[in-house]
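So the chains spell out like this:
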Amino acid sequence: ARLRPSGFDAAALRSLRARRLVGEVEATRAFETSALTAPRKVAVLLVTFPGDPAEPWSPEETRANVFTGSNSAKAFSEEESYGEISLAGKLNEANGDVFGWISLDGASTSACSLEAWRAEANAKAATEGIDLAGYDHVIYVFPKKSVCTWLGIAVVNGGWAMINGNLGVHPIAHELGHNLGLEHAGSMTCFAGNQRVQISSSCAVSEYGDPFDVMGNIAPRHSSGWNLLKLGILDTDNIESAEQSGTYSIRSAFDETDEPTILRVPRAKSGSGVSSWYYLEIRKTGGLFENVTDASTTGVSIRFPRETFPAETVLLDANPATSTFADAPLQEGQVFDAGSVQITTLSAGGGEAIDRVMA
């Protein structure tokens, strides 16, 4: 059921790449940039297999989790995008289109045969008069099948996703994030010998280890600045580049602004130019999905995008003495020392931060 991975080349534009979320969520990948429109037309197809109850749960429960609930995937998309990205039905624009339950009488669950299941579901839907044409996304939802080790699977820059028994907002929003072009948000643990350090040449990546990004494996938190740029929610006005030593201010991207919400600091240089950047940001407590006060709201998170997978972005641990990334952001008075550049958080809180960069 896994599709063969491909690299950064022309063939990758025509192929799919398989990704699995810590044995729980899986994504298949196609390299291209998605064009986002709002609202996104979404169909949810409820599917059962032989031996399942005829109606494992109410279709209205699914509708609430995807479209109408206060903590739905629709609410998440709207909150992090200033309302620019939303989810709607084609037939019922306000409350969404949920079809089923549809029984896949011929389906076998002896293996995780997702392509065969999807094909049978499409065919069965057509015989029951369900027209899946014209949707930006089709989400297939079915009761938990232990033969599949993921909670969800989706095509990156594609139009379909599957949810394996978990109706929580995180797997739904995560998989739709893949459909919209996002990859996984990871973390990077670095070592000097056996000691954990902020950054070194000896590092290990956890593909889903970013606790502050929905594309990680923990919670439905807003996407990082890198992913918000990729979605088109932020633009170049929201980036400030610290190529010279100095003091720089950023604010949270929670509220729409034309001020910098991302501070780029050179990570590596090639000739006279910068070939790689650290991306710095601060969060602000607010809304439903960012209604927390944790290290991301009292310190500056440091990430960088990677050219190799797994994980397109990795969160660095500014506090490596602990084994958790919950305290990864650089708190007030702390220094991140990358050798060629040092970053000091002078102040952080209330959705604003000031950093001193020594380059």
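Residues numbered from 1 in each chain as written. Predicted model: local features only at pLDDT ≥ 70, side-chain atom pairs only at ≥ 80, totals over all residues. Heavy atoms only, no water.

(A) Up close: the overall build of the protein. In terms of regular secondary structure, the protein is built from 6 helices and 21 strands. A total of 359 residues make up the protein; the buried ones form 53% of that total. The contacts of the protein with a sequence gap of at least 6 include a subset with a gap of at least 24, amounting to 58%. In the structure as shown, the protein presents an accessible area of about 14500 Å², 49% of it carried by carbon and sulfur atoms. (Helix = DSSP H or I, 4+ residues; strand = E, 2+ residues; numbered from the N terminus. Buried < 20%, exposed > 50% of the residue type's maximum accessible area, 1.4 Å probe, protein only. Contact = heavy atoms within 4.5 Å. Areas by Shrake-Rupley, 256 points an atom, 1.4 Å probe, with all protein chains shown as cover.)

(B) Quick peek at unusual backbone geometry. Cis geometry is adopted by the peptide bond preceding Trp 101, which originates at Gly 100 and carries an omega value of 20 degrees. In this model, Tyr 82 sits at a positive phi of 60 degrees, which is unusual for a non-glycine residue. Looking at the secondary structure, you find Tyr 82 in the loop between α2 (73-80) and β4 (87-88). On the accessibility criterion, Tyr 82 (22% relative accessible area) is partly exposed. The backbone of Asn 157 shows a phi angle near 60 degrees, a positive value even though the residue is not glycine.

(C) The nonpolar core, seen in detail. One finds Leu 45, Trp 117, Trp 150 and Met 162 to be the most contacted residues of the largest nonpolar core, which totals 25 residues. Those elements that provide at least two residues to this core are β3 (40-48), β5 (97-103), α3 (114-127), β6 (137-142), β7 (152-156) and β8 (160-164). At 4 residues, the largest contribution of residues to this core is made by α3. Cys 190, Leu 280, Val 314 and Phe 336 belong to the second largest nonpolar core, which has 24 residues in total. (Core = buried A, V, L, I, M, F, W, Y, C linked by side-chain atoms within 4.5 Å.)

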